[in-house]
Structure formats: structure tokens, C-alpha cells
Amino acid sequence: MKILVTGAKGFVGRNLCAELKNRNYEKIKQNQVPDEIFEYDRQSSPADLVKWCQECNFVYHLAGVNRPKDQSEFKEGNVDFTSQVLDLLKKYNNKAPVLLSSSIHAAKQGQPYGDTKRESEELLFNYEESTGVKVYVFRLANLFGKWCRPNYNSVVATFCYNAARGLPLTINDPAAEVPFVYIDDVVKYFIAALTDDLVKGEDNFYRVEPIYPVTIGRLAELLESFVTSRKTLALPNFADEFEKKLYSTYLSYLEPNNFSYDLTMHSDQRGSFTEFLRTPDRGQVSVNVAKPGIVKGNHWHHTKNEKFLVVSGQAVIRFRKIDEEEIFEYYVDGSKLQVVDIPVGYTHNIENIGDTDLVTVMWVNEPFDPSQPDTYFLPV
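## Points about the overall build of the protein chain
Scanning the protein chain from N- to C-terminus turns up 8 helices and 19 strands. Relative to the compact-globule value of 21 Å for 380 residues, the protein chain shows a C-alpha radius of gyration of 29 Å, a clear excess of over 25%. Every one of the 380 residues in the protein chain was classed for burial, and the buried ones make up 44%. Expressed as a percentage of contacts within the protein chain between residues at least 6 apart in sequence, the contacts between residues at least 24 apart total 73%. Of the roughly 20,200 Å² of accessible surface on the protein chain, 51% is carried by carbon and sulfur atoms. Where the 42 positive side-chain charges of the protein chain centre and where its 52 negative ones centre are 5 Å apart.

So, in C-alpha cells, the structure goes:
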């Protein structure tokens, strides 16, 4: 398979080519013949386009203009270039299927961008009718994801860029609702076209799902919560697909010198205790460091439950049911990772029995609330 991608260095093209190359890597590992990817962009020569239109077996036509310096560029970049690609395919009798990346703005009349995208769509449909070649015309909602250019044509890219740099988010109408689609979902659909594993709508267009209708106010609120999460340690709600994908997108806009952040270490002569992550419904993760010979704990809980994982050092974890005398011991070692559950109703402690610092990752089913600690001192 020889695949031509126009607009290969753009937002969609860059993501698509990256995934096509990933799949080529998997083919190489399995001793299969990889696809050949022709990446056409502004730096490519006209001769490249001619050659690749002769040889390709599939065309992803992603190149287009949406923010020109001059209005005439809309027609040149969207309509004329589409016509040029189709004419070359016709000239060399190349029956390769063609996928066009269009926009929901094509449904709107009287806007240069939408009008020229609609003209491009019509070129594809006429081409299919006259040649019998399979075409895929995608009307895409507003895209978001990594590598999208900020301060251009994507509110998500601009907001993510600004939020990651402490810049203000300009909102004209917080109640305005925008339909969004995620770039990885777009790529998944586009790659499915290689095997014709797609179903088009009754209106002859293909669409990417899911579509996330989100208000601008909600978008800003989420991004602001991502910024403050380094202090609150609160993870986003990953059960919400849009929030999960938006958080991944936001992280991609961090400046390289701002990937790390400090945690608050509560230290004393015994060691330290540092909270790492917290969620409203999946609990809290902390890191506990104990010096040699130190015992921590000696308390029990009614409902709060924990998991201990020693990742470095040696320890013994002791348990005693609060109204009984028998003590149970678990010896754990960082050289063999083993999770120990801390059931309710048992007073428990952990002792560093090694000669180095003991490092334990601790998970508890609910974030600590000082007004309701559910923690009661009682020696094991």
C-alpha cells in the first residue's frame, strides 16, 4: 500500500502520519511489508505531487486553507488544489480511493471557508460519479488534540496554550456551545477507510464520533482545574471521556521546562509523608518514608481502608483486631513487590526492619478529611 497524505505537516496530517508510521513499525516487527507514506506539504515540489499521484493506492486529502492572509487563498488552497489532485489522478488513470477532510462549516452559506470546503466536497462527489472511484468525504466538527496550532482556528488549542502559561482565557459568551471531536478518534476513522470499514450517513457524508458538545465556559473551567491540580493534587474525572481527552491535550501544551512540580513533604526525624494524588471517588495516593527502626501507624479505621506497597527497604506490617490479642505479621521487601491490604477494624503499624530508608506507596480509599479522619490511635 502506497499512501499519499496532502497537508502532512498540518494538525490532522501530522497525527495521521504518526499513527501510520506506528502501524508500519508493527508490520516490520512481524516481518510484514510496511506501507509507503508520501507526505506532501508546502515544502514538497510539484514533481513530488505528480509522481505520488501516479503511484499511490490511497489518498488522504487533508491540505486546505482556513486562515488566509488574503480571501483569494480560500479558493486556491481548498478548491483549486483539490481539483489539481483529482486531475492528476485522472490523468494517470489512478483509481485510488480519496478521503477528503472537510468541515461542518461547509453546511453554512455565505462564509468563504465553508463555501470553498463545500465546493471541494462537490468536486469529490462529481469525481466519484464520473470515475467510479470510492471517495470518503468527512464533515468534521471542531477538532482538538496534541499538535494543534494555538491562536489560529482552535479555541481548545488557544485555551490550552494560554492556560499552560498562566495567560488569560478570553471568553465572549461562556454559554456558547461548540461540538468537539478528538484527533485520535479522527485518525481511527481515517485509518478504517483503508479497509473500507466505515458507514456513511444518509446525506452521503462520513462523520467522526463521539462528538462532544461543550460550552466555552465549561471548557475554561476544566482547564483552570487542570492548572490548579498541581496544588490540589486532584485528578480529573477520567470517567468523563471529554475531560480525559482534554487533560491529555492540555499536558501537550506545557512548556518543556515546566513538566515537573514540587510536592509538599511532611518531614520529621522519623522520615516523611507526601501526598501524591487524590480523587473524589478513587481515593488518595501517598509516599511514606521511614528511617531504620522507625514504627509508623498504630491506629485503626471504621470504614477507611488502605493498600501498602513497599518499593524500597524491608518492613514488617503488623495487625491486631481491636478487641483481640493475636497479632498477625507480614514481612515485605522492596525486592519483591507485594501489596498488603489494610482491613477495617484492625489496628496496624509498619516498622522499618532494614538498615536503609523504607519507602512505601500508600493508597487509601478516600482523600484525607481532617474533620472526619476516621483514624483512632491504638497500639498493636
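## Digging into the sheet that holds strand 8 (residues 212-215)
Two pairing modes exist for strands in a sheet, parallel and antiparallel, and in both the strands are linked by backbone hydrogen bonds. The 3 strands lie next to each other as 6-7-8, forming an open sheet whose pairing is mixed. Taken across any chain shown, the strands that pair with only one partner, and hence form the sheet edges, are strand 6 (142-144) and strand 8. Strand-to-strand twist of the sheet, defined as the mean angle between neighbouring strand axes without regard to direction, takes the value 50°. In this structure, strand 7 (residues 177-182) lies alongside strand 8, joined through 4 bridges in antiparallel fashion. Note on strand 8: the bridge partner recorded for Val178 is Val214. Packed onto the sheet, helix 7 (residues 216-232) meets strand 7 and strand 8 and runs at close to 85° relative to strand 8.

## Looking at the packing of aromatic side chains
With the rule as written, the count across this model stands at 21 aromatic pairs. A ring pair is formed by Phe226 and Tyr250, whose centres lie 5.8 Å apart and whose planes are at 45°; its orientation type is tilted. One end of the pair, Phe226, is in helix 7; the other, Tyr250, is in helix 8 (residues 241-252), and 24 residues separate them in sequence. With a relative accessible area of 2%, Phe226 lands in the buried category. What links up through ring pairs into an aromatic cluster is the set Phe58, Tyr60, Tyr136, Phe138, Phe190 and Tyr206. Above the ring of Tyr152, the side-chain terminus of Arg149 is found at 4.0 Å from the ring centroid.

## A word on the packing of helix 5 (residues 155-164) against helix 7
Two elements in contact, helix 5 and helix 7, have axes whose closest approach is 10 Å; the angle formed by their N-to-C orientations is 30°. Compared by their axis directions, helix 5 and helix 7 come out roughly parallel. Where helix 5 crosses over helix 7, the handedness of that crossing is right-handed. Residues Val155, Val156, Phe159, Cys160 and Ala163 of helix 5 form the contact with helix 7, whose own contacting residues are Ile216, Leu219, Ala220, Leu223 and Val227.

## Quick look at the nonpolar core
Membership of the largest hydrophobic core comes to 56 residues, with the highest contact counts inside it found for Val5, Tyr60, Phe138 and Phe190. Per element, the largest residue contribution to this core is 7 residues, and it comes from helix 6 (residues 183-192). When residues no more than four places from it in sequence are discounted, the contact partners of Val5 are Gly13, Leu16, Cys17, Leu20, Ile37, Phe38, Glu39, Tyr40, Tyr60 and Leu62.

## Looking at unusual backbone geometry
Along the chain, Glu209 connects to Pro210 via a cis peptide bond; the corresponding omega equals 0°. Even without being glycine, Trp147 reaches a positive phi, approximately 75°.

## Quick word on the packing of helix 2 (residues 46-55) against helix 3 (residues 72-91)
At a minimum axis separation of 8 Å, helix 2 and helix 3 run at an interaxial angle of 50°. By the angle between their directions, the pair helix 2 and helix 3 is classed as oblique. As for how helix 2 packs across helix 3, the hand of that crossing is right-handed. Seen from helix 2, the contacting residues are Leu49, Val50 and Cys53; seen from helix 3, they are Phe81, Gln84, Val85, Leu88 and Leu89. Along the lines of polarity and charge, the residues of the contact of helix 2 with helix 3 split into 7 nonpolar, 1 polar and no charged.

## A closer look at the side chain of His348
By the element assignment, His348 lies in strand 17 (residues 346-352). Residue contacts for His348: discarding those within four places in its chain leaves Gly297, Asn298, His299, Trp300, His301, Glu306, Phe308, Arg318, Phe319, Ile342 and Val380.

## So, helix 7
Look at helix 7: 23 Å from first C-alpha to last across 17 residues, which is about the 24 Å you get at 1.5 Å a residue. Helix geometry: helix 7 is bent most strongly at Phe226, by close to 30°. Among all positions of helix 7, only Ile216, Gly217, Leu219, Ala220, Leu222, Leu223, Phe226 and Ser229 are buried. Next to the buried residues of helix 7 lie helix 5, strand 7, strand 8 and helix 8. Trailing helix 7 by a residue or two, Leu233 shows a phi angle of about 65°, which is positive.

What counts and what doesn't
Counting from 1, residues in each chain are numbered in the order their sequence is written. Where local features are concerned, this predicted model is filtered to residues with pLDDT of at least 70; where side-chain atom pairs are given and counted, the filter is 80 or more; whole-chain, interface and lining totals use all residues. Computation of side-chain values: all heavy atoms of the structure, hydrogens and water removed. Here a helix means four or more residues in a row that DSSP labels H or I, a strand means two or more in a row labelled E, and each is numbered from the N terminus. We take the radius of gyration over the C-alpha atoms and set the globule estimate at 2.2 Å times the residue count to the 0.38 power. Think of it in three bands: residues with accessible area under 20% of the maximum for their type are buried, residues over 50% are exposed, and the middle band is partly exposed, with areas taken using a 1.4 Å probe on protein chains only. Contacts: residue pairs with any heavy atoms within 4.5 Å of one another. Here the open area of atoms and residues is found with the Shrake-Rupley method and a 1.4 Å probe, where only the protein chains shown may cover a residue. Under the convention used here, Asp and Glu are negative, Lys and Arg are positive, and both His and the chain ends fall outside the count. Lys charges are placed at NZ, Arg charges at CZ, Asp charges at CG and Glu charges at CD. Strand pairing requires that DSSP identify at least two bridges connecting the strands. Axis definition: a line fitted to C-alpha atoms, over the contacting stretch in the case of helices. Angles run 0 to 180 degrees between N-to-C directions. Working definition: a ring pair exists when centres of Phe, Tyr or Trp rings (six-membered ring for Trp) sit within 6.5 Å. Plane angles under 30 degrees give stacked, over 60 give edge-to-face, the rest tilted. We call a charge positioned above a ring when the Lys NZ or Arg CZ atom is no farther than 6 Å from the ring centre and deviates by at most 35 degrees from the ring normal. Our angle categories are set so that under 35 degrees counts as roughly parallel, over 145 as roughly antiparallel, 65 to 115 as roughly perpendicular, and the remainder as oblique. Each crossing is labelled by how the near helix is turned from the far one, with a counterclockwise turn of less than a right angle marking it left-handed and a clockwise turn marking it right-handed. Grouping buried Ala, Val, Leu, Ile, Met, Phe, Trp, Tyr and Cys residues that are joined through side-chain atoms within 4.5 Å yields what is termed a nonpolar core. Under the grouping applied here, Gly and all other residues not named as nonpolar or charged are polar, the nonpolar ones being Ala, Val, Leu, Ile, Met, Phe, Trp, Tyr, Cys and Pro and the charged ones Asp, Glu, Lys and Arg. Under the convention used throughout, the expected extent of a helix is 1.5 Å for every residue step, that is, one less than its residue count. Working definition for bend: take the seven residues up to and ending at a residue and the seven starting at it, fit an axis to each, and measure the angle between the axes.

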